[in-house]
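Spelled out, the chains give:
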Amino acid sequence: MAPLLEIKGLKTHFATDDGMVQAVDGVDITLQKGETLCVVGESGCGKTVTAMSILKLIAMPPGRIVAGQIMFEGRDLVPLTSRELDDVRAKDIGFIFQEPMTSLNPVLTVGEQIAESLRRHEGLSHKHALARTVEMLKLVQIPNAAARVHDYPHQFSGGMRQRVMIAMALACKPKLVIADEPTTALDVTIQAQILDLLQDMKDRFGMAVMLITHAMGVVAETAQRVVVMYAGKVVEEADVESLFDSPRHPYTQGLIRSIPRIDLDAAHKTRLEAIGGSVPILINPAPGCRFAPRCRFAFGRCAEQEPVLREVAPGHRMACHLGDTQGGTP
Ligand code: SF4
């Protein structure tokens, strides 16, 4: 089956006064129809830039896609103009942002904003678009939706605004929804409600979801497949069970060791550990493995040769020299 989305060799760089930041540097990601894929990593690993590159939502300049293809239903989105991409945005690919207040227009009612997308992409009349908008607000569990459709974004709480954002992203029933840290700005109890809502909407509409997160707990709850990014590159990719049961890359192992595991019995529980150090600045990165300065297993070859993604089990890939007999074991 042809994938819904296939990102191939994507490089998105940013020009700064100090040099070119290689924020995304040769990323390959594939997403099947109806699948939930989590892209996980610390802040600064390139996951948001990857997601925003799909619809060219990064500021250009200083950002620029310097290489790669973003194939959506077999069509490369990279060469499209902003006007051509407008037809893809909302209609085929919906986007849920981390902080809805920055993406909702504060001077328009939420109803006007959602209805506008329905009028534009589905050619609905004002009356029908407004009726569909009320339906969507009900679906995302906004109480008293028929009245609240006339309210402005600032009249909603943070959690309710994120529900409105989900309604807006899904109004045209896109085939793919990209959610960039959709719960980060919310209280813990509201976070769980929003993730449940997203799952409910996915089941109802059958769309694929690309969820960007730094939280392994969210990954465990929601993902079918997981891509782990570090310093602008994919370092591991697997289905969610394999990733948590047998993480191969030292960075993934570190991420998993840093979260509490209530699924393990007492004999298998270990102390929580943080990964020492921080993500490198991606201007002229050093040769070799970008994780080497933080890696407890680093050996000679790691500082010289960049590891490439290779299959270590069916459907499980990682980029690390450990166990790679091709270039000599440590
Ligand atoms: Fe660690 Fe070397 Fe593997 Fe990089 S390639 S993660 S430094 S062992």
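So, here's what we can say about the structure. (Residues numbered from 1 in each chain as written. Predicted model: local features only at pLDDT ≥ 70, side-chain atom pairs only at ≥ 80, totals over all residues.)

## Notes on the overall build of the protein chain
Thinking step 1. Helix and strand counts for the protein chain come out as 11 helices and 12 strands.
Thinking step 2. Computed over its C-alpha atoms, the radius of gyration of the protein chain comes to 21 Å, within 12% of the 20 Å expected for a compact globule of 330 residues.
Thinking step 3. With the principal axes as the frame, the protein chain shows a C-alpha extent of 70 × 50 × 40 Å.
Thinking step 4. In the protein chain, which comprises 330 residues, the proportion classed as buried is 42%.
Thinking step 5. Taking the contacts inside the protein chain whose residues are at least 6 apart along the sequence as the reference set, 63% of them involve residues at least 24 apart. (Helix = DSSP H or I, 4+ residues; strand = E, 2+ residues; numbered from the N terminus. Rg over C-alpha atoms; globule rule 2.2 N^0.38 Å. Buried ≥ 20, exposed ≤ 12 C-beta atoms within 10 Å, placed from the backbone. Contact = placed C-beta atoms within 7 Å.)

## Focus: the environment of His154
Thinking step 1. Within the secondary structure, His154 sits in the loop between helix H6 (145-148) and helix H7 (158-170).
Thinking step 2. In this structure, the C-alpha to C-alpha distance between His154 and Pro174, residues 20 residues apart in sequence, is 26 Å.

## A closer look at the pairing of strand E11 (residues 310-313)
Thinking step 1. Where E11 meets strand E12 (residues 316-318), three bridges bridge the pair, whose relative direction is antiparallel. Considered in E12, the bridge of Glu311 is made with Arg317. (Pairing = 2+ DSSP bridges.)

## Digging into the packing of H7 against helix H8 (residues 188-205)
Helix-helix packing is characterised by the crossing angle of the two axes and by the distance between the axes.
Thinking step 1. In the contact formed by H7 and H8, the axes pass within 10 Å of each other and the chain directions differ by 15 degrees. Here H8 runs roughly parallel to H7, going by the angle between their axes. Handedness of the crossing formed by H7 with H8: right-handed. Residues Gly159, Gln162, Arg163, Ile166 and Leu170 of H7 form the contact with H8, whose participating residues are Ile190, Gln193, Ile194, Leu197, Leu198, Met201 and Phe205. (Axes fitted to C-alpha atoms, helices over the stretch in contact; angles between N-to-C directions. Parallel < 35°, antiparallel > 145°, perpendicular 65-115°, else oblique. Left-handed = near helix turned anticlockwise from the far one by under 90°.)

## What to know about the nonpolar core
Thinking step 1. Formed by 94 residues in total, the largest nonpolar core has its most connected members in Ala167 and Met210.
Thinking step 2. It is H7 that provides the largest number of residues to this core, a total of eight residues.
Thinking step 3. A domain-level breakdown of this core finds at least three residues from each of domain 1 (5-92 + 174-283) and domain 2 (105-173).
Thinking step 4. Those residues in contact with Met210 that sit more than four places away from it in its chain are Leu31, Leu37, Val39, Ala51, Leu176 and Ile178. (Core = buried A, V, L, I, M, F, W, Y, C linked by C-beta atoms within 7 Å. Domains from an automatic or database assignment.)

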